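# Inside the fold
The lines below spell out each chain.
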Amino acid sequence: MAVDVVRDGHVATITLNRPDVLNAFNTAQLEALRDALTEVRQDPAVRAIILTGAGERAFAAGADIAEMRDKSPREALAFAQLGHAVCSLLETAPQPTIAAINGFALGGGCEVALACDIRICSENAQLGQPEVTLGIPPGWGGTQRLARVIGRAAAKELILTGRRIGAEEALRRGLVSAVYPLAELLPKARELADRIAANAPIAVRYAKEAINRGTESDLETALAYEAQIFALAFDTLDQKEGMGAFLERRKPTFTGA
Ligand code: COA
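All values reported here derive from a predicted model rather than from experimental measurement.

With 49 residues, the main nonpolar core has Leu 33, Leu 51, Phe 59, Ile 101 and Leu 127 as its most contacted residues. The element best represented in this core is helix H3 (residues 73-91), accounting for six residues. Residues Val 11, Ala 100, Leu 185 and Ala 193 belong to the second largest nonpolar core, which totals twelve residues.

Next comes the structure, spelled out in C-alpha cells:
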C-alpha cells in the first residue's frame, strides 16, 4: 500500500510508504492519503493523528518528478488541487495532526508537513522547497503556509533559493518544534499524541479551530469566535468531568461528549 494506517488506542499513525523513491508523492499515493485521512477524520475513537514516512531516509522527498514531468497545465492544476485538498484535510481535521519528519521533507513533503498542527523531526532531517530548481513554484500551499509559519522574509529566502535546511536550522526558524535522534522520533511523536488524546476531544478541536480561523481573521472577529467556542464547551459532559475531577482531586476520564 502507498499509505499504511495503524490505529492503536486513540492514535492513528499514517505512514507514507514508497521508500524506494523516498516516499515521493505520485497521484495514487496522494489519493491514498486523501482517502486515509477522510476515513480517520470521521473516527471518533481517533483523537490524534501522526503522519510519517517509511524507511530511515525520508518523510517525503516531494511530488513525484517522474510523474510530473509530462503533465499539461490542465493536469498540473488538478495535481495542485489534489495536493491542496490533502493539506486541507490535515489542517481542518478535528483531531490534531503531528508530522514526524524522519529525513527529507522537500517540496510537497514539506508542504504536507506544513499543513500539520505540530512538526517534529529527526536529526538527519532536511527540509526545503526546491521547486524553483525544477522550473516550477511550490504548488501545494508552500508559498502561503511556509510564510505563515516562519515569516515572509525567511520563506522567500528558502523558496527563492530552493536551498535545503537541516534539523537545527529548522528548529531555530520555528519550522519544527523539536529535534530527536531518529530512533526516538516516533516514540516522541506518540508521547505527544497520547498527551493530546488524554485531553477533552471537543475542547482540543475547538482550540485548534480557534487558532486556525482566528489567525486568518482580524482580532475582533477572532476573539468573538473564541468567546463562542468557550461558551459552547460548557455544553459538553467533558467540561463537567474535567472541572469535577479537578475539584475531587482525581484524574478526569474524557469521553468526547
Ligand atoms: N520524485 C521522484 N523520484 C524521486 C524523488 C522525487 N521527488 N526524490 C527522490 N526520488 C527517487 C530518485 O529518483 C531515486 O530513484 P532511483 O533509485 O530509481 O534512481 C530514489 O528516489 C533515491 O533518490 P536519490 O536521488 O538517488 O537519493 P540521494 O540521496 O542521492 O538524494 C534527494 C536525495 C532527496 C536530495 C534527491 O533525491 C532529490 O533532490 N530529490 C528531489 C527533491 C525535490 O526536488 N522535490 C521537490 C519536487 S517538486
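In this section: the sheet that holds strand S4 (residues 58-60). In space, the four strands of this open sheet follow the order S4-S6-S8-S9, with mixed pairing throughout. For this open sheet the edge positions go to S4 and strand S9 (165-166), each flanked by a neighbour on one side alone. In this structure, strand S6 (residues 104-106) lies alongside strand S8 (residues 126-128), joined through three bridges in parallel fashion. Note on S8: the bridge partner recorded for Ala 105 is Leu 127.

For the rest of this paragraph, the subject is the domain arrangement of the protein chain. Taken domain by domain, the protein chain consists of domain 1 (3-197) and domain 2 (201-247). Relative placement of domain 1 and domain 2: their C-alpha centres are 27 Å apart. At the junction of the two partners, domain 1 supplies twelve residues and domain 2 supplies six residues. Summing the contributions of domain 1 and of domain 2, the shared interface buries around 590 Å²; its carbon and sulfur component is 52%. A salt bridge links Glu 216 to Arg 148; the shortest N-O distance between them is 2.9 Å. The interface formed by domain 1 and domain 2 includes seven residue pairs in polar contact (both at pLDDT 80 or more). Its residues assigned to classes, the side of domain 1 that touches domain 2 comprises five nonpolar, three polar and four charged.

Glancing now at the layout of surface pockets. Taken as a whole, the largest pocket encloses approximately 780 Å³ of empty space. Together, 27 residues line the largest pocket, and Glu 91, Asp 117, Lys 208, Ile 211 and Asn 212 are the ones closest to its centre. Only strand S7 (118-122), helix H5 (142-150) and helix H9 (201-214) provide two or more residues apiece to the lining of the largest pocket. In terms of residue count, H9 provides more of the lining of the largest pocket than any other element does, eight residues in total. Its residues placed into classes, the lining of the largest pocket shows twelve nonpolar, five polar and ten charged. Around the second largest pocket sit 23 residues that line it, and Ala 63, Met 68, Glu 131, Ile 136 and Pro 137 are the ones nearest its centre.

Definitions and limits used
Residues numbered from 1 in each chain as written. Predicted model: local features only at pLDDT ≥ 70, side-chain atom pairs only at ≥ 80, totals over all residues. Heavy atoms only, no water. Core = buried A, V, L, I, M, F, W, Y, C linked by side-chain atoms within 4.5 Å. Buried < 20%, exposed > 50% of the residue type's maximum accessible area, 1.4 Å probe, protein only. Helix = DSSP H or I, 4+ residues; strand = E, 2+ residues; numbered from the N terminus. Pairing = 2+ DSSP bridges. Domains from an automatic or database assignment. Contact = heavy atoms within 4.5 Å. Buried area = accessible area lost by both parts, 1.4 Å probe. Salt bridge = Lys/Arg side-chain N within 4 Å of Asp/Glu carboxyl O. Polar contact = N/O pair within 3.5 Å; in protein donor to acceptor, adjacent residues only side chain to side chain. Nonpolar A, V, L, I, M, F, W, Y, C, P; charged D, E, K, R; others polar. 1 Å grid on protein atoms, 1.4 Å probe; cavity = no way out; pocket = protein on both sides within 12 Å on 5 of 7 lines; lining within 4 Å. Points joined across faces, edges and corners; volume = space filled by probe spheres on them.

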